[in-house]
Amino acid sequence: RPTSQTVLSNTAARCDAPAAGREPTIHQRGQHEVFCGLTSIIWLHRKMQDAFFLIVGSRTCAHLMQSAAGVMIFAEPRFATAIIEERDLSGMADLHDELDAVVERLLKRRPDIKMLVLVGSCPSEVIKLDLSRAAERLNREHAPDRRVIAYSGSGIETTFTQGEDSFLATLVDECPVAEADAAPSLVVAGSLADVVEDQFSRIFQALGIENVAFLPTRRSDRLPAIGPNTRFLLAQPFLNEAAKKLERRGATHIPALFPLGEEGTTAWLKAASDAFGVDPARFEAVTAPGRERARKALESYAETLSGKRIFFFPDSQLEPALARFLSREAGMGLTEIGSPYLHRRHLAAELDLLPEDVVLSEGQDVERQIDRCHEADPDLIVCGLGLANPFEAEGYATKWSIELVFTPIQGYEQAGDLAELFARPLRRRAALKVEV
Ligand code: SF4
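Not measured: the values here are computed from a predicted model. (Residues numbered from 1 in each chain as written. Predicted model: local features only at pLDDT ≥ 70, side-chain atom pairs only at ≥ 80, totals over all residues.)

S.K.: Could you clarify how one ought to interpret the UniProt feature "binding site: [4Fe-4S] cluster" (unreviewed entry) in the protein chain in this entry?
M.R.: Per the UniProt annotation, the sites labelled "binding site: [4Fe-4S] cluster" (unreviewed entry) are Cys36, Cys61 and Cys122. Spatial clustering of the annotated residues is evident: they stretch over 87 residues in sequence, but the largest pairwise C-alpha distance comes to 9.7 Å. For Cys36, the location among the structural elements is in the loop between β3 (31-34) and α1 (41-47). Cys36 gets classed as buried once you count the C-beta atoms within 10 Å, which come to 26. By secondary structure assignment, the location of Cys61 is in helix α2 (residues 59-68). Exposure remark for Cys61: the 25 C-beta atoms within 10 Å place this residue in the buried category. (UniProt positions renumbered as here; feature names shortened; annotations may be inferred. Helix = DSSP H or I, 4+ residues; strand = E, 2+ residues; numbered from the N terminus. Buried ≥ 20, exposed ≤ 12 C-beta atoms within 10 Å, placed from the backbone.)

Here is the structure:
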């Protein structure tokens, strides 16, 4: 198992958007425990099936990726690390030449790669290796058969879901430009499991919303055209930079709750339906069966979850949306909701639905937060891997936040699975309790 990295730094709020909704109770600045943005490659490489992620980093980066990817063994892997050696760091080698040679070898061996993604790391940034320039140069050589793009996954000031944000922001630059008179279109931004994407596609189709694309696309040659007639829905709350890039292209954001649970999914679909002028009766007819199935699935978790108290450490940036779902649809009590950054504009609707008395914290000062957690004495703690084991040893039930990004949890059909993710550790902890 990977251990999360502890870094000392300032975690000042990073929201450029005007404040909306409620403000956090606590702004934390201090030591925080996070995975870096490279980690997002673990789900991104599965999503874009003809892309290859080449991390330009150190052995530490390679080890992180190997251990975070766990026991997955690929006949044809779709990510790797080009390791910067000591002689590279000391300036004895021309890194651009070395990188070109690695890319040459890789593309010769793997003709199936249609998009090569160079991923920057702390080491490549420290030595100021300009990967955007490298991508431009490699593009001149390999286009149009292959496209080469670059983004940064480096970790000092980021959390792991920001890797996806940086990747999508770069991908928006690659999307064709839609003309001002193009037909209206909908872009759903944020990685969703294929099964979830297929379910939403069917619902949009039944609602009569046409020209729907999901970003990232499954294939690199199917990037949607984006322009003033594009509206976009966020499927994930951590896409600050990607949303800004879409808006710079003239696309309009559709504000909504995130599609977690019955309530979130209905609100998310309704926001899109209203933006595209879908008749309310049609919306009702299309979504009623899914809503009913989600409500039924959630009923069976009431006994395990209702009345239990949960504490969120900041990690995935999904925390406020998950807390809203757990408090309103599963009856859980909220103690503290920590999130690395609160993108207030995107989270306004979520924050408005949280109970008034909940502690909302942004950033992290891990020791103080551990103290607050002990004081709150919750039934379940959602945190990174580095904190989970010590809490388990103390007798607390924990849930790894990274699992919530890997698992299909959005949409009506997954509402029960989402509740199950929180019910399982509680049941396990109850089963392990030995009466003396
Ligand atoms: Fe560590 Fe930075 Fe590499 Fe991430 S990018 S594994 S934080 S060295």
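What follows continues from the structure just given.
S.K.: Where do I start with unusual backbone geometry in this structure?
M.R.: What you tend to see is this: most non-glycine residues have negative phi, and most peptide bonds are trans. Between Ala143 and Pro144 the backbone carries a cis peptide bond, its omega angle lying at 5°. Tracing the sequence through the fold places Pro144 in the loop between α6 (131-142) and β7 (147-152). With an omega dihedral of 10°, the bond running from Leu215 to Pro216 counts as a cis peptide bond. Here Pro216 lies in the loop between β9 (212-215) and β10 (230-234). Even without being a glycine, Lys128 presents a positive backbone phi close to 55°. Examined against the element boundaries, Lys128 turns out to sit in the loop between α5 (122-126) and α6.

S.K.: Sorry, what's going on with the domain arrangement of the protein chain here?
M.R.: Where interface size is given, it is often the accessible area lost as the parts come together that is meant. Domain annotation of the protein chain identifies domain 1 (5-32 + 298-432), domain 2 (37-154) and domain 3 (185-293). Here domain 1 and domain 3 have C-alpha centroids that lie 25 Å from each other. If you look at the interface, domain 1 gives 23 residues, while domain 3 gives 26 residues. Secondary structure elements with two or more residues in the side of domain 1 that touches domain 3: α13 (319-329), α14 (344-352) and α18 (415-432). Here the side of domain 1 that touches domain 3 is built from residues that sort into 13 nonpolar, six polar and four charged. (Domains from an automatic or database assignment. Contact = placed C-beta atoms within 7 Å. Nonpolar A, V, L, I, M, F, W, Y, C, P; charged D, E, K, R; others polar.)

S.K.: I tried to follow the pairing of β9 on my own but got confused; where do I start?
M.R.: Along any regular strand, the residues point their side chains to alternate faces of the sheet. Two elements, strand β8 (residues 185-189) and β9, share four bridges in a ladder whose sense is parallel. Bridge pairing in β9 links Val187 to Ala213. (Pairing = 2+ DSSP bridges.)

S.K.: What is the right way to look at helix α15 (residues 366-376) in this model?
M.R.: Note on helix geometry: an α-helix contains 3.6 residues per turn, so any two residues three or four positions apart are oriented the same way. The complete set of buried residues in α15 reads Val366, Gln369 and Cys373. The buried side chains of α15 occupy one side of the element, clustering within an arc of 60° when seen end-on. Residues of α15 that are exposed and point over 90 degrees away from its buried face: Glu367, Asp371 and Glu375. Downstream of α15 by a residue or two, Asp377 has a phi angle that is positive, lying close to 50°. (Arc of directions from axis to C-beta.)

S.K.: What should I look at first to understand the site of the ligand in this one?
M.R.: What surrounds the ligand is a group of 12 residues, the closest being Cys36, Cys61, Ser121, Cys122 and Gly155. Its residues assigned to classes, the shell around the ligand shows five nonpolar, seven polar and no charged. (Near = placed C-beta within 6 Å.)

S.K.: Even after reading the chapter, I still don't get the sheet that holds strand β11 (residues 252-253), so can you show me in this structure?
M.R.: Working definition: the strands of a sheet are paired by backbone hydrogen bonds and lie parallel or antiparallel to each other. What the four strands build is an open sheet, ordered β9-β8-β10-β11; its pairing is parallel. The two strands at the open ends of the sheet, each matched to only one other strand, are β9 and β11. Note that β8 and β10 share five bridges and pair parallel. Within β10, the position partnered with Val187 by the bridge is Phe232. The sheet strands contacting helix α9 (residues 240-248) are β8, β10 and β11, and the helix crosses β8 at an angle near 160°. (Axes fitted to C-alpha atoms, helices over the stretch in contact; angles between N-to-C directions.)

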